[in-house]
Amino acid sequence: QVQLVESGGGLVQAGGSLRLSCAASGFTFSTYGMGWFRQAPGKEREFVAAISWTGINTYYADSVKGRFTISRDNAKNTVYLQMNSLKPEDTAVYYCASDRTPGRRWPPSERYEYRYWGQGTPVTVSS
């Protein structure tokens, strides 16, 4: 049974930092790219960042580039999202997801490319 469990969300002031984690189980984590998405109230779920199965290639939404960093530890079956210089507009529920295709050199950014999703962790940035 595939499980993706996010943690690390919470309330932070603008300019602050948070580190999200996503622990994976039930599949061969080290062979799949991983992504982070977010959904703000009343909005569509949007792409945030993705990382290839090797961890070598990463890709970011323009809105978070230079502030967020995605990384992974294949020994721990965990993907991370370090979020710095947080803004109120970063407020959302953050979800991790696994690529539906193993071994891709470049991680995808489209939602339909991801097969399994976590339950989400809420992030609130106060001004």
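Here's a quick rundown of the structure. Residue numbers restart at each chain and count upward from 1, following the sequence in its written direction. Residue-level local features of this predicted model are given only where pLDDT is at least 70; pairs of side-chain atoms are given and counted only at 80 or more, and the full residue set underlies all totals for whole chains, interfaces and linings. No hydrogens and no water enter the side-chain calculation; it runs on all heavy atoms of the structure.

## Quick look at unusual backbone geometry
The phi dihedral of asparagine 77 falls on the positive side, at around 55 degrees, and the residue is not glycine. By definition, any uninterrupted DSSP run of H or I lasting at least four residues is a helix, any uninterrupted run of E lasting at least two residues is a strand, and each is numbered from the N terminus. With respect to the element layout, asparagine 77 can be found in the loop between strand E7 (68–73) and strand E8 (78–83). For serine 85, which is not glycine, the phi torsion reads 50 degrees and is therefore positive. Within the secondary structure, serine 85 is located in the loop between E8 and strand E9 (92–102). Classification of serine 85 as partly exposed rests on a relative accessible area of 42%. Exposed residues in this analysis have more than 50% of their type's maximum accessible area, buried residues have under 20%, and partly exposed residues fall in between, with area computed by a 1.4 Å probe over protein chains only.

## Regarding the sheet that holds strand E3 (residues 18–25)
Only when DSSP finds a minimum of two bridges between them are two strands counted as paired. One open sheet holds the four strands; their spatial order is E1-E3-E8-E7, and the pairing between them is antiparallel. A single partner strand is all that each edge strand has here, and the edge strands are strand E1 (3–7) and E7. Here the strands of the sheet are splayed against their neighbours by 15 degrees on average, with no regard to which way each runs. Where E7 meets E8, six bridges bridge the pair, whose relative direction is antiparallel. Bridge pairing in E8 links aspartate 73 to threonine 78. Note on geometry: axes are C-alpha line fits, over the in-contact stretch for helices, and angles between N-to-C directions span 0 to 180 degrees.

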